Amino acid sequence: MKRKILIGNWKMNKTMKETLSFIGETKEVVESLNEEEFVVGIASSFLCLPLIRKLGGKLIGVAQNLHYEESGAFTGEISASMLEEIGVDFSLIGHSERRQNFNETNSTCNLKLKTMEKHNMNAIYCVGETLSEYEEGKGEEVVKTQILEAIEGLSENYVSSLVIAYEPIWAIGTGNNATSEDANNMALHIIETIKEKYGEKVSDKVYVLYGGSVNEDNIKDYVDKENIDGVLVGGASLDPKSFVSLINKLKELE
Ligand code: PGA
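What this report covers is the structure whose coordinates are included nearby. What you see is a predicted model; the values in this text were computed from it and never measured. The numbers attached to residues start from 1 for each chain and follow its sequence in the written order. In keeping with the model being predicted, local features are shown solely for residues with a pLDDT of at least 70 and side-chain atom pairs are shown and tallied solely at 80 or more, while totals for entire chains, interfaces and linings include all residues. Calculated side-chain values reflect all of the structure's heavy atoms, with hydrogen atoms and water omitted.

**Considering the overall build of the protein chain**
Part 1: A run of DSSP states H or I qualifies as a helix once it reaches four residues; a run of E qualifies as a strand once it reaches two. Both are numbered from the N-terminal end. What the protein chain contains, in helices and strands, is 12 helices and eight strands.
Part 2: Taking 2.2 N^0.38 as the reference for a compact globule, 254 residues should give roughly 18 Å; the C-alpha atoms of the protein chain span a radius of gyration of 17 Å, in line with that estimate.
Part 3: When the backbone C-alpha atoms are referred to their principal axes, the protein chain occupies close to 45 × 45 × 35 Å.
Part 4: By the convention used here, residues are in contact when the closest approach between their heavy atoms is within 4.5 Å. Put simply, 73% of the contacts in the protein chain that link residues at least 6 apart link residues at least 24 apart.
Part 5: Note on areas: Shrake-Rupley with a 1.4 Å probe; residue coverage comes only from the protein chains shown. Summed over all atoms, the accessible surface of the protein chain reaches about 11,800 Å², with 48% contributed by carbon and sulfur. Here the radius of gyration uses the C-alpha set of atoms, whereas the globule reference equals 2.2 Å times the residue count to the power 0.38.

This is the structure in structure tokens:
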């Protein structure tokens, strides 16, 4: 049985002080989780990752990005080894805000995933269509390309370890979430895309998350669906009370 995954994406929010108080306020429910059934993490700023690592208990620290080069003249960037050294082995890759604001493309995501493979790091690769692509009925095609271009040249073994987060851009931070049926269909399409290229043994192992205006009222609709293994949550992961509610909803699946 696959574990259920809940990852909060804090984006450029929360100072170290705020992170400490969040950890304190959520500790009890986080520690009550059975790690064989659930994975719960926070994608925080780089600064806060060591705090989560040291004090977060079962809460996993997830980077929001990394550079594909090992080191060098890349002002403002962070490398895989820097993250490894502080014990962080998960990172988001290709979040739509990075694609839109920092020129990330499927091919830079591919380079990043290759670097992560070398470092044995776990990727949460984000895909999703824009509103106009959605309206033109191009969602599946866009997502397929985002996946195939990004996984080119990765080993079967590494592809089978991927977590792929389907986050329609029109649903992020808008309150306009995709229906759980639509998200489930896209999750199936993602699995089929991997299956076509690498076969069922690989596609069976890949985790698929949904993200985009997930909150305590709708989280269960998604995680209950056959092809959805968890959620990536932005806004609703910031308030500790809301994060606790998300975890409690997830635990109802036990
Ligand atoms: P949201 O963000 O939950 O606030 O829509 C999701 C994300 O960007 O990962």
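**Comments concerning the nonpolar core**
Part 1: Here, the term nonpolar core denotes a set of buried Ala, Val, Leu, Ile, Met, Phe, Trp, Tyr and Cys residues that are joined through side-chain atoms within 4.5 Å. Three labels apply to residues, based on accessible area from a 1.4 Å probe with only protein chains included: buried if under 20% of the type maximum, exposed if over 50%, partly exposed otherwise in between. Membership of the largest hydrophobic core comes to 64 residues, with the highest contact counts inside it found for L6, I190, I194, Y210 and F243.
Part 2: Counting residues per element, this core draws most heavily on helix α9 (residues 180-198), which supplies seven residues.
Part 3: Excluding its chain neighbours within four sequence positions, the residues that come into contact with L6 are V39, V40, G41, I219, V231, V233, F243, L246, I247 and L250.

**Description of the site of the ligand**
Part 1: Put simply, a residue is near a molecule or strand once any heavy atom of it comes within 4 Å of that molecule or strand. Close to the ligand lie 13 residues; K11, E167, G173, S213 and G234 are nearest.
Part 2: N or O atoms within 3.5 Å of each other form a polar contact, as long as, within protein, one can give a hydrogen and the other can take it, and as long as residues adjacent in sequence are counted only when both atoms are side-chain atoms. Here H95 contributes a side-chain N or O atom positioned 2.8 Å from an oxygen atom of the ligand.
Part 3: For the ligand, whose free accessible area comes to 280 Å², the fraction covered by protein is 94%.
Part 4: A per-class count over the shell around the ligand returns four nonpolar, seven polar and two charged. Amino acids outside the nonpolar list (Ala, Val, Leu, Ile, Met, Phe, Trp, Tyr, Cys, Pro) and the charged list (Asp, Glu, Lys, Arg) are all regarded as polar, and Gly is one of them.

**Points about the pattern of salt bridges**
Part 1: What counts as a salt bridge is simple: a side-chain nitrogen of Lys or Arg found within 4 Å of a carboxyl oxygen of Asp or Glu. In total, this model carries nine salt bridges according to the counting rule given.
Part 2: Residue K112 is joined to E104 by a salt bridge in which the shortest nitrogen-to-oxygen separation is 2.9 Å. For the pair K112 and E104, one class covers both residues: buried.
Part 3: Put simply, K144 and E196 hold a salt bridge, and the shortest N to O gap is 3.2 Å. With K144 in helix α7 (residues 139-151) and E196 in helix α9, this residue pair connects regions lying 52 residues apart in the sequence.

**So, the packing of aromatic side chains**
Part 1: Pairing of aromatic rings covers Phe, Tyr and Trp, the last counted by its six-membered ring, and requires centre-to-centre distances within 6.5 Å; plane angles under 30 degrees mean stacked, over 60 mean edge-to-face, and any other angle means tilted. Per the stated rule, a full pass over the model turns up five aromatic pairs.
Part 2: Between the aromatic rings of F22 and F243, the centroid separation amounts to 5.3 Å while the plane-to-plane angle is 50 degrees, which identifies the pairing as tilted. Note that F22 is positioned in helix α1 (residues 16-31) and F243 in helix α12 (residues 240-251), a separation of 221 residues in sequence. You'll find F22 and F243 in the same group, each marked buried.

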